[in-house]
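Read off the chains here:
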Amino acid sequence: MVSQRTLRSLTKAVGVGLHSGQRVELTLRPAAPDTGIVFRRVDLPEPVEIPVNARSVTDTRLASTISNGGAKVHTIEHLMSACAGLGLDNLYVDITAEEVPILDGSAASFVYLLQSAGVVQQPVPKRFVRVLRPVEVREGAGAQLKWARLEPYHGYKLSFEIEFDHPAVSSTGQRFEFDFGTGQYAREIARARTFGFTRDVEMMRSHGLALGGGLDNAIVMDDVKVLNADGLRYQDEFVKHKILDAIGDLYILGRPLLAAYSAFRSGHALNNQLIRALLEQPDAYEEVSFNRDSEAPRGFAELAPAW
């Protein structure tokens, strides 16, 4: 049986929010089967639980934000990406502020935290969402066109293309495809960092954003080059980070996907529109489980290898 997974023990991290600049403590705790991933704002007078699902997303400007009533958690996509990469189904995330800490700007620190706590199987079948026919969302036209699509596939693969007219980005690969069946998420995707341009920083900070950003948690570029002294972690780190984000955004669905995802210049908003569009078409998907490991797509029954 391909089983659900949770943590063996709790683990903690402390950092700052990328946009808020606030200090935040994060405690990741095991959860019972069929709990899903649930954020808990433990800094409020009465702790508020915010279950992760497509309709809990209430803001997608520069990050994915989930809400329950007046309680919010911003920038959940890197942690969600790490959970997807390790196949974690059930988890409580206790948080002491409105934003998940950015840590090093990638999902690698979250993968390390989760694997340090230990990933264990639970005696309940994992439930997948299998896409049965293509679903697509589009925005803009001509030079402004963006789109994202899900198509049937026995497994889970993602193909992403970016288009940035910038010397530092143009000199790297702007298209990449990643298949979860390789079991190489931690090595190939998780270390890709978020990125931004110095010309945008002043504008963003005037709007109360990027207050915690810097060279230690993002790739930063001026008009011609990367400013980080250590350069890039991958030759195609920019497009790999967009895949990392997409993995996290799509995992907000609440179930692992069996599908081929492809996108051109997509972002948090379009990714969320895509999973909402899928849910609005009941004939476009079905929920499935696998009673035998041999029935599952390659790589889905095994626990991800440790670092």
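Residues numbered from 1 in each chain as written. Predicted model: local features only at pLDDT ≥ 70, side-chain atom pairs only at ≥ 80, totals over all residues. Heavy atoms only, no water.

## A word on the overall build of the chain
- Counting its regular elements, the chain contains 7 helices and 19 strands.
- The globule rule puts the C-alpha radius of gyration for 307 residues at 19 Å, and the 18 Å found for the chain is close to it.
- Along the first, second and third principal axes, the C-alpha atoms of the chain reach 55 × 45 × 35 Å.
- Considering the chain as a whole, with its 307 residues, one finds that 54% of them fall into the buried category.
- Sequence separation of at least 24 residues holds for 75% of the intrachain contacts in the chain that already meet a minimum separation of 6.
- Looking at the chain, you have 33 positive and 38 negative side-chain charges, and the mean spots of the two groups are 3 Å apart. (Helix = DSSP H or I, 4+ residues; strand = E, 2+ residues; numbered from the N terminus. Rg over C-alpha atoms; globule rule 2.2 N^0.38 Å. Buried < 20%, exposed > 50% of the residue type's maximum accessible area, 1.4 Å probe, protein only. Contact = heavy atoms within 4.5 Å. Lys, Arg positive; Asp, Glu negative; His and termini not counted. Charge placed at Lys NZ, Arg CZ, Asp CG, Glu CD.)

## A word on the packing of aromatic side chains
- Overall, the coordinates contain 9 aromatic pairs when judged by the stated rule.
- With centroids separated by 5.5 Å and ring planes inclined at 80°, the aromatic side chains of F164 and F195 adopt a geometry described as edge-to-face. Here F195 lies in strand β16 (residues 195-197) and F164 lies in the loop between β14 (156-161) and α3 (167-170), a separation of 31 residues in the sequence.
- Residue classification places F164 among the partly exposed residues on the basis of a relative accessible area of 28%.
- With a relative accessible area of 17%, F195 lands in the buried category.
- Put simply, the rings of Y156, F178, F180 and Y185 touch in pairs and so form one group of aromatic residues.
- Between the NZ or CZ atom of K157 and the centre of the ring of Y153, over which it lies, the distance is 4.6 Å.
- Sitting over the ring of Y234, R191 keeps its end group 5.8 Å from the ring centre. (Phe/Tyr/Trp six-rings, centres within 6.5 Å; stacked < 30°, edge-to-face > 60°. Lys NZ or Arg CZ within 6 Å of the ring centre and 35° of its normal.)

## Some points on empty space enclosed by the protein
- By the definition in use, this model includes 1 cavity of 30 Å³ or more.
- The residue inventory of the lining of the largest cavity, partitioned by class, reads 5 nonpolar, 2 polar and no charged. (1 Å grid on protein atoms, 1.4 Å probe; cavity = no way out; pocket = protein on both sides within 12 Å on 5 of 7 lines; lining within 4 Å. Points joined across faces, edges and corners; volume = space filled by probe spheres on them. Nonpolar A, V, L, I, M, F, W, Y, C, P; charged D, E, K, R; others polar.)

## Focus on the pattern of salt bridges
- This model, assessed by the stated rule, comprises 19 salt bridges.
- The salt bridge involving D94 is made with R40; its shortest N-O contact spans 3.0 Å. On the criterion of sequence distance, the pair formed by D94 in strand β9 (residues 91-95) and R40 in strand β4 (residues 37-41) is long-range, its members being 54 residues apart. Comparing D94 with R40 shows no difference in burial state: the two are buried.
- The residue D236 makes a salt bridge to K240 at a minimum N-O spacing of 3.7 Å. Of the two residues examined, D236 and K240, each falls in the buried class. (Salt bridge = Lys/Arg side-chain N within 4 Å of Asp/Glu carboxyl O.)

## Regarding the sheet that holds β9
- Taken in spatial order, the 5 strands line up as β2-β3-β9-β4-β5 in an open sheet, and their pairing is mixed. Because the sheet does not close on itself, it has two edges, and the strands there are β2 (11-16) and β5 (48-51). Each strand axis lies, on average, 25° off the axis of its neighbour in the sheet, ignoring direction.
- As judged from the 5 bridges shared by β4 and β9, these two strands associate in the parallel manner. Residue pairing in the sheet places F39 in a bridge with V93 of β9. (Pairing = 2+ DSSP bridges. Axes fitted to C-alpha atoms, helices over the stretch in contact; angles between N-to-C directions.)

## Details of the nonpolar core
- Residues F39, Y185 and Y261 are the most contacted members of the largest nonpolar core, which totals 85 residues.
- With 8 residues, helix α6 (residues 237-251) is the single largest residue contributor to this core.
- When sequence neighbours within four positions are dropped, the list of residues in contact with F39 reads V48, E49, I50, V52, I66, V73, I76, L79, M80, V93 and V100. (Core = buried A, V, L, I, M, F, W, Y, C linked by side-chain atoms within 4.5 Å.)

## Comments concerning the packing of helix α1 (residues 77-86) against α6
- With their axes 7 Å apart at the nearest point, α1 and α6 run at an angle of 80° to one another. One way to sum up the angle between α1 and α6 is to call them roughly perpendicular. In contact with E77, H78, M80, S81, C83 and A84 of α1, α6 contributes H241, L244, D245, I247, G248, D249 and Y251.
- Taken together, the residues of the contact of α1 with α6 break down into 6 nonpolar, 4 polar and 3 charged. (Parallel < 35°, antiparallel > 145°, perpendicular 65-115°, else oblique.)

## Quick look at the sheet that holds strand β7 (residues 65-68)
- Strand order in the open sheet formed by 3 strands is β6-β7-β8, and the pairing between neighbours is antiparallel. This sheet does not close on itself; its edge strands, each paired only once, are β6 (57-59) and β8 (71-73). The sheet shows a mean angle of 45° between the axes of neighbouring strands, taken without regard to direction.
- Looking at chain direction, β7 and β8 are connected through 3 bridges and run antiparallel.

## Observations concerning the layout of surface pockets
- Approximately 1000 Å³ is the volume attributed to the largest pocket.
- Around the largest pocket, the lining comprises 40 residues; the ones closest to its centre are L62, T194, F195, G196 and K242.
- Counting residues per element, the ones that place at least two in the lining of the largest pocket are α1, β16, α5 (198-206), β17 (219-221), α6 and α7 (268-279).
- Broken down by element, the residue count for the lining of the largest pocket peaks at 4 residues, all from α5.
- For the lining of the largest pocket, the residue count by class is 18 nonpolar, 13 polar and 9 charged.

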